[in-house]
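Each chain, written out:
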Amino acid sequence: MSRIGDYELTELLGEGNYGSFFMSPPPARLGLDVDFVAVKVLAGHASDQDFRRMANELRVFAALRSDHLVEVYDAGQQDGRLFYAMALYPDGSLAEPRVALDLPARVSAVADAARGAHDLHEVGVVHRDIKPANILLADGRGRLSDLGLAQFLTPGMTTTGLGPIGSIEYMEPDVIWGEHAARASDIWSLGLTLHRVVSGEGAFGDIPEDNVLTAFRHVLHQRPNLSPDFPDALRPIVERAVEAERAARYPTALEMAEDLERVGGAL
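Residues numbered from 1 in each chain as written. Predicted model: local features only at pLDDT ≥ 70, side-chain atom pairs only at ≥ 80, totals over all residues. Heavy atoms only, no water.

1. Structural notes on the overall build of the protein
Argument step 1. A tally of regular secondary structure across the protein gives eight helices and nine strands.
Argument step 2. Here the C-alpha radius of gyration of the protein, 18 Å, is about what a compact globule of 267 residues would show, namely 18 Å.
Argument step 3. For the protein, the residues scored as buried account for 51% of the 267 residues in total.
Argument step 4. The long-range fraction of contacts in the protein, counting pairs at least 24 apart against all pairs at least 6 apart in sequence, stands at 61%.
Argument step 5. Surface summary for the protein: the accessible area is close to 12,200 Å², and the carbon and sulfur share equals 48%. (Helix = DSSP H or I, 4+ residues; strand = E, 2+ residues; numbered from the N terminus. Rg over C-alpha atoms; globule rule 2.2 N^0.38 Å. Buried < 20%, exposed > 50% of the residue type's maximum accessible area, 1.4 Å probe, protein only. Contact = heavy atoms within 4.5 Å. Areas by Shrake-Rupley, 256 points an atom, 1.4 Å probe, with all protein chains shown as cover.)

2. Some details on the side chain of K40
Argument step 1. You can see K40 is positioned in strand β5 (residues 37-42).
Argument step 2. Sequence-distant contacts of K40, defined by excluding residues within four places in its chain, comprise Y18, G19, S20, F21, L82, F83, Y84 and D146.

3. Thoughts on helix α5 (residues 183-199)
Argument step 1. Here α5 is 17 residues long and its end C-alpha atoms lie 25 Å apart, about the 24 Å a rise of 1.5 Å per residue gives.
Argument step 2. Counting buried positions along α5 yields 14 of 17 residues, so the element is predominantly enclosed.
Argument step 3. Positive backbone phi, at 80°, marks G200, one or two positions downstream of α5. (Expected span 1.5 Å × (residues − 1).)

4. Observations regarding the pattern of salt bridges
Argument step 1. Counted according to the given criterion, the structure contains 11 salt bridges.
Argument step 2. Residue K131 pairs with D129 through a salt bridge whose shortest N-O separation is 3.9 Å.
Argument step 3. By relative accessible area, which is 8% here, K131 ends up buried.
Argument step 4. It is possible to trace a salt-bridge network through shared partners that takes in E172, D174, R246 and R249. (Salt bridge = Lys/Arg side-chain N within 4 Å of Asp/Glu carboxyl O.)

5. Here's the deal with the sheet that holds strand β6 (residues 72-78)
Argument step 1. The five strands lie next to each other as β3-β4-β5-β7-β6, forming an open sheet whose pairing is antiparallel. Two strands lie at the open edges of the sheet, namely β3 (11-15) and β6, each paired on one side alone. Taken pair by pair, the neighbouring strands of this sheet meet at an average axis angle of 25°, ignoring direction.
Argument step 2. Across four bridges, the pairing between β3 and strand β4 (residues 19-24) is antiparallel. If you follow E15 over to β4, its bridge partner there is S20. (Pairing = 2+ DSSP bridges. Axes fitted to C-alpha atoms, helices over the stretch in contact; angles between N-to-C directions.)

6. A look at the pairing of strand β9 (residues 141-144)
Argument step 1. Inspection of the sheet shows strand β8 (residues 135-138) paired to β9 by four bridges, in the antiparallel sense. Across the sheet, the residue bridging to L137 is G142, located in β9.
Argument step 2. Counting the residues in the hairpin turn of β8 and β9 gives two residues, including D139, whose phi is positive at 55°.

7. What to know about the pairing of β4
Argument step 1. Most of β4 sits out of view: six of its six residues are buried.
Argument step 2. Relative to β5, β4 runs antiparallel, the two being bridged by six bridges. The partner of S20 across the bridge, within β5, is V41.

8. Describing unusual backbone geometry
Argument step 1. A positive phi is found at D79, a non-glycine position, where the angle reads about 50°.
Argument step 2. Along the chain, the position of D79 falls in the loop between β6 and β7 (81-86).
Argument step 3. Located in the positive-phi region is R128, a residue other than glycine, with phi close to 80°.
Argument step 4. Position of R128 relative to the elements: it lies in the loop between α2 (103-121) and β8.

9. As for the packing of α2 against helix α8 (residues 253-264)
Argument step 1. As a packed pair, α2 and α8 sit with axes 8 Å apart at the nearest point and diverge in direction by 165°. Our classification of the angle between α2 and α8 gives roughly antiparallel. Handedness of the crossing formed by α2 with α8: left-handed. The residues of α8 that touch α2, namely those facing P104, V107, V110, A111, A114, R115, A117, H118 and H121, are A253, L254, A257, E258, L260, E261 and G264.
Argument step 2. Across the contact of α2 with α8, the residue classes break down as 10 nonpolar, three polar and three charged. (Parallel < 35°, antiparallel > 145°, perpendicular 65-115°, else oblique. Left-handed = near helix turned anticlockwise from the far one by under 90°. Nonpolar A, V, L, I, M, F, W, Y, C, P; charged D, E, K, R; others polar.)

Right under this line is the structure:
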């Protein structure tokens, strides 16, 4: 693919379960004073209704102007393919960083994502897909990306946001069972994201990759198990974030962010 809409896709930046990221010069109509933007072309065919839903979600990012959320510039649809343009974050993501990140930097990036989640929660929006790949990096800070876009990208996917196996590790069990996503759902995901980026291991061990239903059963029939090497100072934060009962978790993602910043600064 070399073009979509009025974007010239000059370089493939990465591919994931939900689509591909490309670098592109921004169209003049956007009036941006930047050389390049990132364009995400979502996988699969989508309807006009899907586009309207996606555009409504992305408007939340654009309207909040949060320092902890990605900057979204534009969205479109061409031949059934949805795409959107956002600021280019050259340092990659917590899943695939393109810069060296020590432990305090990784904790700080998750804290930034928690603040971004809180900004969304305060306007009544749940992210629903927080994971290392959706925390982008620039200038030593993290920005939360891909607001709930999982639900647009797989045929038959429900609004609970059930995604490919790579996302199941971070999904709250209540959501898998069909409960509505809530603040507590994102806080659960932040806890498991922190565990993954700090320890390099998933808190559910090796999730089966051959079948989605088998993967769901794997995470639904056990509790998260923290790595023995996980730092003691961070352990209470993850344990509180992934309490079985929603009411026992952090009441807000902001409080989790503040704990991460306090502890991370002393690591």
